[in-house]
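Residue-level listing of the chains:
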Amino acid sequence: GDDSAPVPLERRRQQERLFRILVVDDDRGARFALRETLLGEGYEVVDAGNGQQAVQICRQQAPDLVILDGVMPVMDGFQSCEVIRSLPECASIPILIVTGLNDDASVDKAFSVGATDYISKPINYAVLRRRIDHMLQVHSAEKRVHQLAYIDSLTGRPNRTKLNEHMDALFSDTSRKDKQFALLFLDLDNFKLVNDTLGHEAGDLLLKYVSERLTGCVRKGDLVARFGGDEFCIVLDGVRSYEMVRNIAEKIHDHLKRPFVFLGREMLLSMSIGIAVYPEHGQDAVSLLKAADMAMYDAKKSQKGFGFYESHLESDNLERLELENDLRNAIARDELLLYYQPQEDLSTGQIFGLEALIRWQHPRRGLVSPAEFIHLAEETGLINDIGLWVLCTICEQINAWMDRGFAAPRVAINLSARQLANPNLATTFREVISDSRLPADLIEFEITESTIMERPDEMIDMLKELKAMGTRLAIDDFGTGYSSLVQLHRLPFSEIKIDRTFVSGCTTSSESRSIVRLVIELAHALGMKAVAEGVETADALRMLRDMGCDEAQGAFIAQPLEAAEIPAAVLQHTESIWYRTSGPWSPTLPTS
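From a predicted model like this one, the values you see are computed outputs, not experimental measurements. (Residues numbered from 1 in each chain as written. Predicted model: local features only at pLDDT ≥ 70, side-chain atom pairs only at ≥ 80, totals over all residues. Heavy atoms only, no water.)

Draft legend 1. Fine view of the pattern of salt bridges. Following the criterion strictly, the structure yields 28 salt bridges and no others. We note a salt bridge from aspartate 326 to arginine 364, for which the minimum N-O separation is 3.1 Å. Of this pair, aspartate 326 sits in helix α12 (residues 313–328) while arginine 364 sits in the loop between β14 (350–362) and β15 (366–368), and the two are 38 residues apart along the sequence. Of the residues examined, arginine 364 reaches a relative accessible area of 60% and is grouped as exposed. Across the pair arginine 410 and glutamate 495 runs a salt bridge whose closest N-O atoms are separated by 2.7 Å. With arginine 410 in strand β16 (residues 410–415) and glutamate 495 in strand β19 (residues 495–498), this pair connects stretches of sequence that are 85 residues apart. You'll find arginine 410 and glutamate 495 in the same group, each marked buried. Several salt bridges converge on common partners, so that one network encompasses Arg410, Glu444, Arg472, Glu495, Lys529 and Glu551. (Salt bridge = Lys/Arg side-chain N within 4 Å of Asp/Glu carboxyl O. Helix = DSSP H or I, 4+ residues; strand = E, 2+ residues; numbered from the N terminus. Buried < 20%, exposed > 50% of the residue type's maximum accessible area, 1.4 Å probe, protein only.)

Take a look at the structure:
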């Protein structure tokens, strides 16, 4: 066929979007002829009568291609081409200069000011159509390559490569030597739970909404980039003070806390933000990113929402990295330990069960409490391996007690939100308990109220699976998670454990005492047992018994003990030694 034949209008209209062409000519007749020709080809056309108007149009919205007449009053085609090419949004768009000046000097001048191509008058429209089509095809291909290299395909925001180039440009701009800019490093809190419970498609959709909300929080010239996964970066240029940056961070933090409504549900999110400022916290992209990342982690750990980089964070970060590396090897090196805290039946004074509490015997740090490493295990995903080790160890220990002729105590295990998000949790635990040949009701799983209330609808299926195994379920730290009666009624719990904050205050505070009494009554109304945590005095124990609390544990009853320290009396369910009016039980009896 004829290569110069016009592209059919039907094909043009089938394009993903119409190409927008700016036609600039002070001759109305020539401008009209070009406009009608291009409209007939299926292009969207805007026009201007001189170079100044063309520049204004390009500033407002960059076209896909510009056709400039070379000779015009006010600002000719060569001048306007140079100005348009200097606009950041027009740096790569095709510019075609059409003019009667066809001498070598004019051609050289056209290309020197940034023209993509040059065509002489009178216009051969067949040649013009072919040139335009070729330039748009090339430009579209270049844009696709640029998008692959610099644009995140999911959110449409700049990616990490573009972020680094943008910061490098700011660092190398000598004209802004004394000007500050801030880098915000943002990470969604517990985003993995969204993917694990709702699926990756829902997670991707949520990331798009987050990206849009972040873009709406900053100024037009600020850069919002997706760094990777659930991490974003924002570059705030021309900041005048820390207070200005703090205000923007607060705005972002508040906007992200508002509910996201999609897929027929309401989703609540939070985000941790680390802030580093040039030049105080880094003078190149690598050091500034590192500083912002450390500040973000500190904000996440302290749950303060956002924070600026501080010099001590570097040593803290190194210590965390060392602790994480050590934790990865703790199971293989047999460094983890289980302690067991006895639980008392308040109606009989009998010890009926134990709560397993994990500790870490670090080779250099000594005995490390869970408060120092469990959050790290959850962040890194190691909590799943640790949780499996805990269950296996408990099953082995119960079997060891039974082999020695002792009664098998019920043992409670804490489960975290990260573990409950694992779809294979129930299957894996069922296999472990089955292999141990223990009655499943000897195992009780404790889940904090706050964990459940974050996503009660998603939790209920997993909890029902665990319950169906024959294990018992207890809701832990009750009173801190704002449960509703409807939710409590739906959830398959056997026990409610009253948070230690209320228990410790019940002897001195009428409010705490009223709360404890109400929780006990609520538990009984729902057919559950009420268990008090953190019992530290004889008065507290007596008061709980008088209020009808079913079970209790705490330092007054017994401190957490290693398996070898637990007396035989506990494992034989001997009742007589547990009746007392004062003083904690002492582990001086014959041990197991």
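Draft legend 2. Quick look at helix α18 (residues 456–468). Under the 1.5 Å per step criterion, the end-to-end length of α18 is 18 Å for 13 residues, consistent within 8% with the ideal 18 Å. Among the residues making up α18, those that are buried are Pro456, Met459, Ile460, Met462, Leu463 and Leu466. (Expected span 1.5 Å × (residues − 1).)

Draft legend 3. Geometry of the packing of helix α7 (residues 160–172) against helix α11 (residues 285–302). Orientation of α7 relative to α11, taken along the N-to-C sense of each, is 115°, at an axis distance of 10 Å. Where α7 approaches α11, its residues Leu163, Asn164, Met167, Asp168 and Phe171 are matched on the opposing element by Ala285, Leu288 and Leu289. Across the contact of α7 with α11, the residue classes break down as six nonpolar, one polar and one charged. (Axes fitted to C-alpha atoms, helices over the stretch in contact; angles between N-to-C directions. Contact = heavy atoms within 4.5 Å. Nonpolar A, V, L, I, M, F, W, Y, C, P; charged D, E, K, R; others polar.)

Draft legend 4. Just the layout of surface pockets, in detail. Empty space within the second largest pocket amounts to approximately 880 Å³. Pro88, Glu89, His146, Ile151 and Lys162 are the residues nearest the centre of the second largest pocket, which is lined by 25 residues in total. Only α3 (51–60) and α6 (125–150) provide two or more residues apiece to the lining of the second largest pocket. With five residues, the single largest contributor to the lining of the second largest pocket is α6. Split into classes, the residues belonging to the lining of the second largest pocket amount to ten nonpolar, seven polar and eight charged. (1 Å grid on protein atoms, 1.4 Å probe; cavity = no way out; pocket = protein on both sides within 12 Å on 5 of 7 lines; lining within 4 Å. Points joined across faces, edges and corners; volume = space filled by probe spheres on them.)

Draft legend 5. The environment of alanine 412, seen in detail. Locating alanine 412 in the fold gives a position in strand β16. Using a relative accessible area of 1% as the deciding quantity, one classes alanine 412 as buried. Each C-alpha atom of the pair alanine 412 and glutamine 341 lies 9.6 Å from the other, and the pair is 71 residues apart in sequence. Not counting chain neighbours up to four residues away, the residues in contact with alanine 412 comprise Gln343, Leu354, Glu355, Ala356, Glu444 and Glu446.

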